[in-house]
Every structure is written in C-alpha cells, then in structure tokens.
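Understanding the architecture of this molecule
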Amino acid sequence: MIAFLGQGRMGVPMARRLVEAGHQVKVWRRGLGAVSAAVEDADVVITMLRDGPAVEEVLTQALPGLREGATVVEMSTIGPEAVLSLRELLPSSVNLVDAPVLGSVGPAADGTLTVLAGGDLSACRSVLSVFGTVRELGPLGAGAAMKVAVMGALVPAQVLLAETFAYGEAHGVDRQALAEVLEETPLGALAARVAAPAQETRYALGLAAKDVRLGAWEGTTMARAAGARLAAAEAAGYADRDVTSIATFVSAAPSSGDAGGRAVRVNPGSVPATNGMYSHAVRVGDMLYVSGQAAFDERGQLVGEGDMTTQAEVIFQNIGKILADQGADFSDIAFIRTYMTDLDMRMEYGAVRRKYLTGTPPASTTVEVSKLFMPGLLLEVDLIVALP
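Residues numbered from 1 in each chain as written. Predicted model: local features only at pLDDT ≥ 70, side-chain atom pairs only at ≥ 80, totals over all residues. Heavy atoms only, no water.

Looking at an unreviewed UniProt entry, one finds the protein chain named NAD(P)-binding domain-containing protein and attributed to Nonomuraea roseola.

**Side note on the UniProt feature "domain: 6-phosphogluconate dehydrogenase NADP-binding" (unreviewed entry) in the protein chain**
Mapped onto the present numbering, the UniProt feature "domain: 6-phosphogluconate dehydrogenase NADP-binding" (unreviewed entry) falls at residues 2-133. With 36% helix and 22% strand, residues 2-133 has end C-alpha atoms that lie 20 Å from one another. (UniProt positions renumbered as here; feature names shortened; annotations may be inferred. Helix = DSSP H or I, 4+ residues; strand = E, 2+ residues; numbered from the N terminus.)

**A short note on the confidence of the model for the protein chain**
Mean pLDDT over the protein chain stands at 92; residues scoring 70 or higher make up 97%. Contacts from residues 254-261, a stretch scored under 50 in pLDDT, to residues over four places away or in other chains number 10 contacts. (pLDDT = per-residue confidence, 0-100. Contact = heavy atoms within 4.5 Å.)

**Digging into the nonpolar core**
Val155, Phe165, Leu230, Ile246 and Phe249 are the most contacted members of the largest nonpolar core, which totals 32 residues. Sorting the residues of this core by element identifies helix H7 (142-170), helix H8 (175-183), helix H9 (188-195), helix H10 (205-214), helix H11 (222-238) and helix H12 (246-252) as the ones contributing at least two each. With 8 residues, the single largest contributor to this core is H7. In this structure, Val266, Ala312, Ile315 and Leu357 belong to the second largest nonpolar core, which totals 28 residues. (Core = buried A, V, L, I, M, F, W, Y, C linked by side-chain atoms within 4.5 Å. Buried < 20%, exposed > 50% of the residue type's maximum accessible area, 1.4 Å probe, protein only.)

**Here we look at a negative patch on the surface**
There is a patch of like negative charges on the surface, built from Asp174, Glu180, Glu183 and Glu184. Using a relative accessible area of 40% as the deciding quantity, one classes Glu183 as partly exposed. (Patch = residues over 30% accessible without salt bridge, like charges linked within 9 Å, V, L, I, M, F, W, Y side chains within 5 Å. Areas by Shrake-Rupley, 256 points an atom, 1.4 Å probe, with all protein chains shown as cover. Salt bridge = Lys/Arg side-chain N within 4 Å of Asp/Glu carboxyl O. Lys, Arg positive; Asp, Glu negative; His and termini not counted. Charge placed at Lys NZ, Arg CZ, Asp CG, Glu CD.)

This is how it looks when you write it as structure tokens:
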C-alpha cells in the first residue's frame, strides 16, 4: 500500500497515476484526518508538499504510524539540507529517498515527469517509474540538489525573459517579432512560454520564488535578483498565478523589480494566517522584520492557555517556518524582542528559546507587560533578521 501525503496541483494527478497503474493508494491532505492513520500499513509513503517546514511538520505527525521497513519518498522541492534533516527525524528502520520532479501539472497527469532520485531506490523504483523517467543520481540528497541546481537556472531565465519583453515593449519592439527571434536562440522554448503567460497555473509563481531562494547560495547574484523580482510579484498578488505571469507583472510595473528599497510583505502558507490587519513579516532589501508572533492555531485559537512552555514552542516553530520561507534560519536573527505577562515564567521560556537559539545569541530585549492583545496570551516575540 502507498500513502500519498499532499493533494495539491501536483499531488492529485500523481496519486491518480498510481491508482491507474494498479497500486493501492491512500491519500492525505490537511483536514482529512490524522497523518499517522494515513501511513499505517503503508510500504511506501510519498510526500508532495509546499516546502521543507511543511514536509517536516507532516512527517513528524506521521511518525507514530510509520511501519518498520517502510520507505519515505520525499518528492517536494526542499533542498538537500532539508532532506538530510529528515533523515535525522525518521527512525533508522525507515528508508528515505529524495525524488523531486521536473515537469508541471500536464506531465504529472501524463506520466512524463523526470524524477531526480537520490538514495536507495530498491523498494520504490517501480513506483517512481509510474511518474515518468527516473534518473538515479547518487546518495541521499543528490536528487534534491539536482532539482535546486536546475531551477536555479530555469527560474532566473524566465525573469530575465520577462525583463527582455518589458524592454522591447518600452522601446516599440513588436512583441510577437521579438518572441519569434528569441525562439530561434537557445532560449527558444522558455521564450515562447514567457511571451504568452499561461492563464492556468502549472507552476505557481510563489513556488518558483521559494525554489529560487533555495538555490541562492552565498555569492549568487542572478538568483538573488530573480528572487527579488518574484517576491515583489508575490506581494502584488501574483503568488498563485503561473510563473510566466512574471512577464505581466514586469511589463505592468517595469520599475518594481528594484526591491532593494521597497517593503515586500511576507505571509507564508506554512504558518497560520494573520487576521488581515498585519503581515507576518516585511522584507526590505536584505533585512526581514518579523511581526510579534503568538501561539495561535490555524483557526486563530489560542494554543496552550496558561502554559508558557507550549506557547513558546508554538511561537518558535512558526518563527522557524517564516525564516525558512525566506531562506534563513535562527542563526540569521540579528535582534529578538520578547514580551511576557509574567517574568517569573522566564525560566520556562528560556528553556525553549535555548533549543532554537544556539551558539552566540543575537541582540535581545525582554520586557514584562501587563497584558497582551488576547486573554490567555503569556508571550509574544518579534524579530529583526539579516537575510543570507
């Protein structure tokens, strides 16, 4: 039996391919019961989720149900570091394979994806072949690294082409003629896509922004510049549109790509939504300003009333997800400010904080306040982060 965790744009057609190939498949998505129940009796567990924090969260919840000898196949795009963290999370009796894919919704439905696989595929090779061509690339993490490397070229190239069409439009160049000329160059296939942005979302711009951030290693210039363009488009409401809509965004506001001096709102889908009165964070250039984080669940309900340890854990877990969404981690925090309703509970808070803030601590302020904005809240934490 195969458990397929994640039923988004890619997960639905991929799970359907498995069923059509004769496999017994149990699917799970948020709101569809416990993850641990979904993976019980599964020989293979596939994850196809938004990002690394989402995968870690779901697999943590799945742990009680994972059977000894099962194989977890991580098919999201999360990067090699996150894959190796999953290896530490999972018990040694559970095999882990990283197998992100190249291709979007159409190839997922047709079974023509390219699967970039790392690790021991002996228990899942035939399962992966249902999705398309399987490239076995080496040890665990090799597939994830290959995917990030490829997207680090493909995504910035589409941003570059968007700017090319915007330049042509501003200088009276016929768009169709420019597209035809570009199609005769090595950029041909991408140029054809960007010239006519897709109305249907095949590869969401928000996911492209996340993928290019994964590849923005220290010293990169084009990936960071492309990431800034995409982040500005996200802030303008393009996150759920196809990545090719970056051409529409750039043409509509050609100067908006200079993200160095503008505020870009950051509201990751991996953390509970705000009440609409503020954003979780705002990025200005290479600095990230994180709003006060409190212990709320996805319904906006308080978690851990009267329990400092629980509230602190929820807050730092959400902070970790916000940081990861921007390609950062706890070591990038420059300043942390804590508001507590009772400083006598600082020992409980400090014990949790030290789990996440290791090494030399950042600049810090802790203050006692008479109350926070909702009864039962004991703690609120805001941050300033220097993005890598």
